[in-house]
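Each chain, letter by letter, is given below.
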Amino acid sequence: MSHADRLPVARLLGGIPPTALVLLGIVSVQVGAAVAKQLFATAGAVGTVTLRLLVAAIVLVAIWRPSLTMDRRTLTVVVTYGVVLAAMNFCFYSAIDRIPLGAAVTIEFLGPLAVAVAGSRRWLDGVWVLLAGAGVVLLTRVEGGLLWTGVLFALAAGALWAAYILVTAKLGSTTTDGKGLALAMVVGAAIALPFGVTSAGTALLDPVVLAAAVAVALMSSVVPYSLELEALRRMPPRVFGILMSLEPAVAAVAGLVLLGEYLAPVQWVAVCCVVIASVGATRSARPEV
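Residue positions within a chain follow its written sequence, with the count starting from 1. In keeping with the model being predicted, local features are shown solely for residues with a pLDDT of at least 70 and side-chain atom pairs are shown and tallied solely at 80 or more, while totals for entire chains, interfaces and linings include all residues. Values reported for side chains reflect all heavy atoms of the structure, with hydrogen atoms and water molecules removed beforehand.

Student: Hey, could you run me through the overall build of the chain in this one?
Tutor: A run of H or I in DSSP becomes a helix once it reaches four residues, and a run of E becomes a strand once it reaches two; helices and strands are each numbered from the N terminus. Regarding its fold elements, the chain presents 13 helices and 0 strands. Listing each helix as α and each strand as β along the chain from the N terminus yields α-α-α-α-α-α-α-α-α-α-α-α-α. Relative to its length of 289 residues, the chain is compact, with a C-alpha radius of gyration of 19 Å against a globular reference of 19 Å. Once the C-alpha set of the chain is aligned to its principal axes, its extents read approximately 50 × 45 × 40 Å. Residue exposure (1.4 Å probe, protein chains only): buried if accessible area is under 20% of the type maximum, exposed if over 50%, otherwise partly exposed. Expressed as a percentage of its 289 residues, the buried residues of the chain come to 48%. In the chain, once contacts between residues fewer than 6 apart in sequence are set aside, the share between residues at least 24 apart is 89%. Reported accessibility uses the Shrake-Rupley method at a 1.4 Å probe radius. Residues are deemed covered only where the shown protein chains occlude them. Approximately 13600 Å² of the chain is accessible, and the part contributed by carbon and sulfur atoms is 71%. For the chain, the separation between the mean place of its 18 positive charges and that of its 13 negative charges on side chains is 8 Å. Computation of the radius of gyration draws on C-alpha atoms alone. For the globule rule, the value is 2.2 Å times the number of residues to the power 0.38. It only takes one pair of heavy atoms within 4.5 Å for two residues to be counted as in contact. Charge counting treats Lys and Arg as positive and Asp and Glu as negative, with His and both chain ends excluded. Where a charge lies is defined by one atom per residue type: Lys uses NZ, Arg uses CZ, Asp uses CG and Glu uses CD.

Student: I would appreciate a short explanation of the nonpolar core in the present structure.
Tutor: Core analysis: the biggest nonpolar cluster contains 57 residues, and Leu53, Tyr81, Phe92, Tyr93, Leu101, Ile107 and Met185 have the highest contact counts within it. Ranked by the residues each element gives to this core, the list is headed by helix α4 (residues 72-96), at 13 residues. Apart from the residues lying within four places of it in its own chain, the contact partners of tyrosine 93 are Ala36, Phe40, Ala45, Thr48, Val49, Arg52, Val216 and Ser220. Of all hydrophobic cores here, the second largest spans 9 residues; its members include Ile26, Leu227, Ala231 and Leu243. Only buried residues count toward a nonpolar core, which is a set of Ala, Val, Leu, Ile, Met, Phe, Trp, Tyr and Cys residues joined through side-chain atoms within 4.5 Å.

Student: Explanation requested: the pattern of salt bridges in the structure shown.
Tutor: Close approach of charged atoms allows side chains with opposite charge to pair. Salt bridge criterion: a side-chain nitrogen from Lys or Arg within 4 Å of a carboxyl oxygen from Asp or Glu. Scanning the model with the defined rule gives 2 salt bridges in all. Lysine 37 serves as the salt-bridge partner of glutamate 261, at 2.4 Å between the closest nitrogen and oxygen. Placement of the pair is glutamate 261 in the loop between α12 (247-259) and α13 (265-284) and lysine 37 in helix α2 (residues 18-38), with a sequence separation of 224 residues. No difference in accessibility class separates glutamate 261 from lysine 37, as the two residues are buried. Between aspartate 125 and arginine 122 there is a salt bridge, with its nearest N and O atoms 3.3 Å apart. Residue aspartate 125 is classed as buried on the basis of its relative accessible area of 4%.

Student: Help me understand a nonpolar patch on the surface in this model?
Tutor: Side chains of Leu75, Val79, Val83, Ile191 and Phe195 sit close together on the surface and give an oily, nonpolar patch of about 400 Å² of accessible area. It is α4 that contributes the most residues to the nonpolar patch, 3 residues altogether. Within the secondary structure layout, valine 79 lies in helix α4. Residue classification places valine 79 among the partly exposed residues on the basis of a relative accessible area of 34%. Exposure above 30% relative accessible area and no salt bridge define the residues that can form patches, which grow by joining like charges within 9 Å and nonpolar side chains of Val, Leu, Ile, Met, Phe, Trp and Tyr within 5 Å.

Student: Whenever I open this one, unusual backbone geometry confuses me. Can you help?
Tutor: Its identity as a non-glycine residue notwithstanding, arginine 65 has a phi of 45°, on the positive side. In this structure, arginine 65 sits in the loop between α3 (40-64) and α4.

This is the structure:
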């Protein structure tokens, strides 16, 4: 895509305040997750992940038209990114197949929180970790509880999210624009495809499922990545991180409104604990974090 082709989109996004771009991206991701969950009855969690990655790969390759020529170091980073991306999405979708969306995102958020406070020796960061831990305990210990397999998948997704953050930094330093992301998405889709075909079979070819998968891929990958990239050009990373801390709360609201997933009052308190801990950790993080 040429500069002239991208100019109208850049001009449109440039007219939107960066804070609004981040919030729109967060809403887009969580609405996309809610729509994806509605596909589980037809395509299953694994089939839905496969379609999301496949459609996102096609769209990103069409936009960025990446070259396959790269050195060994870049290839290693791209492949690693793709593997982590596929595994993270598998675990997250498996989690929301078993527990409410808001609960899954709240537990998953322990991953980026761990990255934010890693290596810190400040007592205040210890407070944020304890607050987040208390939030997750509240979330899982409420009467009726949460299915433990769902909790474990959410924890695994959080660990992979932490790895994703670290690999993303390497991808950004070894590739330009969205070309590396496009190739990594192809790797992720290639990994997912055999599992998706085995799990969902011909359901992957259902026109209704395909149309919904396109919407999920756009809302969960293409749109938020584009909005966040533009926002980061115009706001400090720390402010961006604080805004991203709202994801668990937005996920809980999306689950309530779109899926009818009700959380107990104490679980809403748990979500707020993790949000507050994430905001606090981001605000007090060292500039290089």
